[in-house]
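Chain by chain, the residues run as shown.
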Protein chains: 2
Amino acid sequence: MAEPIVPSPSCPVPLRDQGRVLLAHGGGGRLMHELLESVFFAALRGSATAPAHDSSVHALPGGARIAFTTDSYVVHPRRFPGGDIGSLAVHGTVNDLAMSGARPLWLSAGFVLEEGLEIAELREHVQSMRDAAAAAGVAIVTGDTKVVERGKGDGLYVNTAGIGLVPDGVTIAPDRIRAGDAVLVSGDLGRHGIAILAVREGLAFETTIESDSAAVHGLVATLLDAGIRVHCLRDLTRGGLASASNELAAASGLAIELVEGSIPIAEPVRAACELLGLDPLYVACEGRFAAFVHPADAERAVALLRADPLGAGAAQIGHVAADGPARVTLHSRLGSTRVVDMLSGEQLPRIC
Amino acid sequence: MAEPIVPSPSCPVPLRDQGRVLLAHGGGGRLMHELLESVFFAALRGSATAPAHDSSVHALPGGARIAFTTDSYVVHPRRFPGGDIGSLAVHGTVNDLAMSGARPLWLSAGFVLEEGLEIAELREHVQSMRDAAAAAGVAIVTGDTKVVERGKGDGLYVNTAGIGLVPDGVTIAPDRIRAGDAVLVSGDLGRHGIAILAVREGLAFETTIESDSAAVHGLVATLLDAGIRVHCLRDLTRGGLASASNELAAASGLAIELVEGSIPIAEPVRAACELLGLDPLYVACEGRFAAFVHPADAERAVALLRADPLGAGAAQIGHVAADGPARVTLHSRLGSTRVVDMLSGEQLPRIC
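Draft legend 1. Representation of the sheet that holds strand β10 (residues 256–259) of chain B. All names here are of chain B. What the seven strands build is an open sheet, ordered β9-β11-β8-β12-β10-β13-β14; its pairing is mixed. Sheet topology places β9 (230–235) and β14 (337–339) at the edges, where each strand pairs with a single neighbour. Taking each pair of neighbouring strands and ignoring which way they run, the sheet shows an average axis angle of 25 degrees. Both β9 and strand β11 (residues 289–293) contribute to a ladder of five bridges, which runs antiparallel. Counted as the bridge partner of Arg234 is Ala290 from β11. In the packing of helix α8 (residues 298–306) onto the sheet, contacts are made with β8 (182–185), β11 and β12 (315–320), and the angle to β8 comes to roughly 10 degrees.

Draft legend 2. Inspection of the interface of chain B and chain A at higher detail. Contact residues are listed per partner, giving 84 residues for chain B and 83 residues for chain A. Taking both partners together, chain B and chain A bury about 7,200 Å²; carbon and sulfur atoms supply 66% of that area. Among the residues chain B hides against chain A, the three largest losses belong to B:Val21, B:Phe68 and B:Ile119. Together they make up 9% of the total. The closest approach of N and O atoms between A:Lys152 and B:Asp154, which form a salt bridge, is 3.8 Å. For the pair chain B and chain A, the interface holds 26 residue pairs in polar contact (both at pLDDT 80 or more). For the side of chain B that touches chain A, the elements supplying multiple residues, two or more each, are α1 (30–44), β1 (56–59), β2 (65–73), β5 (103–114), α3 (119–136), β6 (139–148) and β7 (156–166) of chain B. The leading source of residues in the side of chain B that touches chain A is β6(B), at ten residues.

Draft legend 3. Structural detail: the domain arrangement of chain A. Residues and elements named next belong to chain A. Taken as a whole, chain A is organised into domain 1 (1–49), domain 2 (54–166) and domain 3 (174–339). Inter-centroid distance (C-alpha atoms) of domain 2 to domain 3 is 23 Å. In this complex, domain 2 contributes 19 residues to the contact, which on the side of domain 3 involves 22 residues. Taking both partners together, domain 2 and domain 3 bury about 1,700 Å²; carbon and sulfur atoms supply 63% of that area.

Draft legend 4. A look at the pairing of β11(B). All names here are of chain B. Taken across its five residues, β11 has five buried, putting it largely inside the fold. Alternating positions in β11 separate into two faces, Phe289, Ala291 and Val293 on one and Ala290 and Phe292 on the other, with burial throughout. Across four bridges, β8 lies against β11 in antiparallel orientation. Along β11, the bridge assignment pairs Val185 with Ala290.

Draft legend 5. Summary view of the packing of helix α2 (residues 85–98) of chain A against helix α3 (residues 119–136) of chain A. Residue and element names in this part refer to chain A. At their nearest, the axes of α2 and α3 sit 6 Å apart, and the two run at 35 degrees to each other. Our pair here, α2 against α3, has a crossing hand that is right-handed. Residues Ile85, Gly86, Ser87, Ala89, Val90, His91 and Val94 of α2 pack against His125, Ser128, Met129, Ala132, Ala133 and Ala136 of α3. In terms of residue class, the contact of α2 with α3 is built from eight nonpolar, five polar and no charged.

Draft legend 6. Representation of α3(B) in the model. All names here are of chain B. An ideal rise of 1.5 Å per residue puts 26 Å on 18 residues; α3 measures up with 25 Å between its terminal C-alpha atoms. Among all positions of α3, only Ile119, Glu121, Leu122, His125, Val126, Ser128, Met129, Ala132, Ala133 and Ala136 are buried. Following α3 by one or two positions, Gly137 adopts a phi angle in the positive range, close to 75 degrees.

Draft legend 7. Fine view of the relation of the copies chain B and chain A. When chain B is fitted to chain A, the residual RMSD is 0.0 Å, and the transformation amounts to a turn of 180 degrees plus an axial shift of 0.0 Å. Taken together, the rotation and translation relating the two chain copies correspond to the operation of a two-fold axis. Both copies contact each other with a shared surface, as 99% of the interface residues of chain B are interface residues in chain A too.

Draft legend 8. Highlighting helix α7 (residues 267–276) of chain B. All names here are of chain B. The set of residues buried in α7 consists of Val269, Ala272 and Cys273. All buried residues of α7 project into a common sector of 100 degrees when viewed along the axis, lining one side. Turned more than 90 degrees off the buried face of α7, the exposed positions are Glu267, Glu274 and Leu275. Residues of α7 that are buried sit in contact with α4 (191–201).

Draft legend 9. Quick peek at the pairing of strand β6 (residues 139–148) of chain A. All names here are of chain A. Judged by how many residues are buried, β6 sits mostly within the fold: ten of ten residues are covered. Across nine bridges, strand β5 (residues 103–114) lies against β6 in parallel orientation. Looking at the pairing, Gly110 lines up with Asp144 of β6.

Draft legend 10. Spatial organisation of the packing of aromatic side chains. Inspection of the entire model under this criterion finds three aromatic pairs over all chains. Pairing A:Phe40 with B:Phe111 gives two aromatic rings, centres 4.5 Å apart and planes at 45 degrees, and the pair type is tilted. Within this pair, whereas A:Phe40 is found in helix α1 (residues 30–44), its partner B:Phe111 is found in strand β5, the two belonging to separate chains. By the burial criterion, A:Phe40 is buried, and B:Phe111 matches it.

Draft legend 11. Summary view of the pattern of salt bridges. All names here are of chain A. Following the criterion strictly, the structure yields 34 salt bridges over all chains and no others. Ionic pairing is found between Arg30 and Asp341, a salt bridge with its closest N-O pair at 2.8 Å. Placement of the pair is Arg30 in helix α1 and Asp341 in the segment after β14 (337–339), with a sequence separation of 311 residues. In this structure Asp341 comes out as partly exposed when scored by relative accessible area, which is 36%.

Draft legend 12. Fine view of the packing of helix α5 (residues 217–225) of chain B against α8(B). All names here are of chain B. Closest axis-to-axis distance for the α5/α8 pair is 10 Å, and the angle between their directions is 140 degrees. Compared by their axis directions, α5 and α8 come out oblique. At the point where α5 passes α8, the crossing takes the right-handed sense. Every residue of α8 that contacts α5 at Leu219, Thr222 and Leu223 is listed here: Ala301, Leu304 and Leu305. Grouping the constituent residues of the contact of α5 with α8 by class yields five nonpolar, one polar and no charged.

Draft legend 13. Representation of the confidence of the model for chain A within the structure. Residue and element names in this part refer to chain A. Taken as a whole, chain A shows an average pLDDT of 91; of its residues, 91% reach a score of 70 or greater. In this model residues 4–17 is a low-confidence stretch, pLDDT under 50, and it forms 34 contacts with partners more than four residues away in sequence or in other chains. Contacts from residues 46–51, a stretch scored under 50 in pLDDT, to residues over four places away or in other chains number twelve contacts. This complex was scored by the predictor with a pTM of 0.93 and an ipTM of 0.93.

Draft legend 14. Structural detail: the sheet that holds strand β8 (residues 182–185) of chain A. All names here are of chain A. Spatially, seven strands are ordered β9-β11-β8-β12-β10-β13-β14 in an open sheet, and the strand pairing comes out mixed. Of all strands in the sheet, those with a lone pairing partner are β9 (230–235) and β14, marking the two edges. Here the strands of the sheet are splayed against their neighbours by 25 degrees on average, with no regard to which way each runs. In this structure, strand β13 (residues 328–331) lies alongside β14, joined through three bridges in antiparallel fashion. Residue pairing for β14: Thr329 is matched across the bridge by Val339. Together, β8, β11 (289–293) and β12 (315–320) form the strand contacts of helix α8 (residues 298–306), whose direction differs from that of β8 by roughly 10 degrees.

Draft legend 15. Local environment of unusual backbone geometry. Residues and elements named next belong to chain A. His76 connects to Pro77 through a cis peptide bond whose omega is 5 degrees. Within the secondary structure, Pro77 sits in the loop between β2 (65–73) and β3 (79–80). Positive phi outside glycine occurs at Arg350, with the angle close to 50 degrees. Within the element layout of this structure, Arg350 appears in the segment after β14.

What counts as what
Residues numbered from 1 in each chain as written. Chains lettered and ligands numbered in written order. Predicted model: local features only at pLDDT ≥ 70, side-chain atom pairs only at ≥ 80, totals over all residues. Heavy atoms only, no water. Pairing = 2+ DSSP bridges. Helix = DSSP H or I, 4+ residues; strand = E, 2+ residues; numbered from the N terminus. Axes fitted to C-alpha atoms, helices over the stretch in contact; angles between N-to-C directions. Contact = heavy atoms within 4.5 Å. Buried area = accessible area lost by both parts, 1.4 Å probe. Salt bridge = Lys/Arg side-chain N within 4 Å of Asp/Glu carboxyl O. Polar contact = N/O pair within 3.5 Å; in protein donor to acceptor, adjacent residues only side chain to side chain. Domains from an automatic or database assignment. Buried < 20%, exposed > 50% of the residue type's maximum accessible area, 1.4 Å probe, protein only. Left-handed = near helix turned anticlockwise from the far one by under 90°. Nonpolar A, V, L, I, M, F, W, Y, C, P; charged D, E, K, R; others polar. Expected span 1.5 Å × (residues − 1). Least-squares fit on C-alpha atoms with pLDDT ≥ 70 in both. Arc of directions from axis to C-beta. Phe/Tyr/Trp six-rings, centres within 6.5 Å; stacked < 30°, edge-to-face > 60°. Parallel < 35°, antiparallel > 145°, perpendicular 65-115°, else oblique. pLDDT = per-residue confidence, 0-100.

Below is the structure:
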């Protein structure tokens, strides 16, 4: 996802004392937010319309509103069960647009190629982008290619930016979250991160875990078209559900309460996480989102999502509390309650 | 510049026989066009609105038309006389939008950071982006940061995408070029490429040659506001004037005739090119463009450009011929005429 601007959670290590970029700065956790806050937002807030969401929304003469977003993709390995860097670069940016309720229309594609990359592989990824774009109904309309010397890249990095059209009357943003809102997820969590990790580490599980990488704008349109009062959406990429809900708790100033037993996680993913010592709440998805909806619409929204294969695993997993500090708590299967914090740094580098 | 889709010039080396990406594929010359044609356009043309210019233009409900473009920046070194990767990433994308006659409005910024990059340097480049954006009147509204392992990048790569608003009635594109059009340039050529090369190679010239990196949308607006009949614009980045005019000759199907003695090149740049064995017609600028205008407006257009410090060196350098093959010829100072071809590969790697 493109980074939303949210207040930085307290960071114990002042950035100036670290001095250099760490891998952990890319992980979607607290260190990344600290870097964003300290370097990017501090510099850009003055000159820019402060973005507050996965994509930024702008009005044009004539009344149309567009959403605009960008993501760079450095996923390693570039091929994984369920996708590759090409399809991921389309899905990720389409989904960022969808999180504003926008209908994705146009993508740009920027390639940084490392000298020596096999052209056959490049062609494969570009064709994968084409197929993903065609399936999502978006057009790749402008592009750029740069080549860097051997050893100054890692084969292929892709950037996509995207433009979508926000339907009249639709406003989906963190500041629309209300106490009482139902918190839904569109499907089971953690498949993408585990799929990547399995290939990278050469792990063989009984079942091949495929990435959930997919374009979810159709699911969002289904909710909106049915009149579901969608207050906020957030795709569950780097840092997973835990980071996304922490960002939204901070941005809305509200407490989010999740119920562990209702959070859908497929058994093979759960088993892999146990084996690897990972908490699935922090593992990235690339085709799942959280939806904050009016509580009276929750049941219908889940049913609508489940009617689509992409949303077959949808569930309500919690709600926004009426009061309490802006944080995320989890009611465990055993009846205890714990705070779900952001990770400090990197759980899985180069997951997207 | 973002790559326009133009017919590929004949390429003597079939891409499939090379098999791997070469540095020369990034150079703005024939090899780059061959790669674009063979890999990117071949795959994307089917699903996409064929782009035909530095930015692609799209109509929205309500009548507004937007231009959309992207560029990745891998310039080495990241700091050079007259700018840095931050200002360049703003100027380059603003200029791509301006080449459609658009008023640039919003930029995205995607960063690929290499583990170990000094945060102080990152901050410097981000602040440079901010300053360049503020000066150009555009807002950086969405962003993304990824971190790759040490040795898998080169400190910092930046991608910017941009959206601009195309004024009513303005259509600027290669297929608007007409026989008889005057060919102008907005200033002297080659400063950016020579400035980069001087730093990279540790060359000391008598005069420090500063990059021409600048946002030129104000110059374009000046022409349009004055009613100059602007048919086509093209910024003179990778591959310089020679590549840009070859692309436009191919795209328009018309012959372009240039007059060597009228092409403005500053004496220090000319001297550096001679020393280095470079043809200044192929050296990149980052703040200059070619304008194809109605011949009756040429003189006034040059005067309007020259009235702005950014266009002080503007000149008419040729015209579009009434007939002849789609190629570029240069009438030399000595009275001879030669064809100006595209370079095959890379003249200066990582110039932008």
